Amino acid sequence: MTDREMADRLAEVFDLVGPLYRRAQRKVELYLPGEGLSVGVRAVLVLLREHGPMTVPQMGRAQALSRQFVQRMINDAAARGLVESVPNPAHKRSSLIRLTEEGRAVITAVIDSERAMLGQVGGDLSETDVDACIRVLSRLVRSLDDVDLD
């Protein structure tokens, strides 16, 4: 495959990622537990569930999101009692954000529901297909590592 042909095929991937993301976002916001849970709040709750307490800048870097956007999502989550600020022993001016018990219960329910829906997608997809998809998307994400998000 020539470089041009590869570029055309990778452009097809980008063209699919946008609609996939928007449809998944809509599904999360409309049909999953945690009524009114936005995809942005979901993203920070998942991050905190996977990595434990983090600062807003750490979450922004991990998710390739601006600190301002992450802060808005944290404010929304805190207003719902899903996260709380705790002192950061490593940095007095940058608090750690952690899940509350309610936040952990909500994000666990959301993830369980998502997995149940995704379990129905399979069809004729193989593990090799999914591995290839992950490899390609990971490479595309890494190719954009130089993009400044703030």
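If you're wondering where the values come from, they're calculated on a predicted model, not measured in any experiment. (Residues numbered from 1 in each chain as written. Predicted model: local features only at pLDDT ≥ 70, side-chain atom pairs only at ≥ 80, totals over all residues. Heavy atoms only, no water.)

Caption draft 1: Geometry of the nonpolar core. Formed by 22 residues in total, the largest nonpolar core has its most connected members in Leu45, Met59, Ile74 and Val83. Going through the elements one at a time, helix H2 (39-51), helix H3 (56-63), helix H4 (67-79), strand S2 (96-99) and helix H5 (101-118) are the ones with two or more residues in this core. Of the residues forming this core, the biggest block, 6 residues, is contributed by H2. The residues touching valine 83, leaving out its near neighbours within four places in the chain, are Leu45, Leu48, Ile74, Ala77, Ala78, Ile97, Arg98, Leu99 and Thr100. (Core = buried A, V, L, I, M, F, W, Y, C linked by side-chain atoms within 4.5 Å. Buried < 20%, exposed > 50% of the residue type's maximum accessible area, 1.4 Å probe, protein only. Helix = DSSP H or I, 4+ residues; strand = E, 2+ residues; numbered from the N terminus. Contact = heavy atoms within 4.5 Å.)

Caption draft 2: Focus on the side chain of threonine 55. Inspection of the secondary structure puts threonine 55 in the loop between H2 and H3. Threonine 55 sits in the buried class, given a relative accessible area of 7%. Setting aside chain neighbours within four positions, we find threonine 55 in contact with Asn88, Ser94, Ser95 and Leu96.

Caption draft 3: Spotlight on the pattern of salt bridges. Across all of its chains, the model carries 5 salt bridges by this definition. The residue glutamate 114 makes a salt bridge to arginine 42 at a minimum N-O spacing of 2.6 Å. With glutamate 114 in helix H5 and arginine 42 in helix H2, this residue pair connects regions lying 72 residues apart in the sequence. Pair check on accessibility: glutamate 114 and arginine 42 agree, each one buried. Each of Arg42, Glu114 and Arg115 takes part in a single network of salt bridges with overlapping partners. (Salt bridge = Lys/Arg side-chain N within 4 Å of Asp/Glu carboxyl O.)

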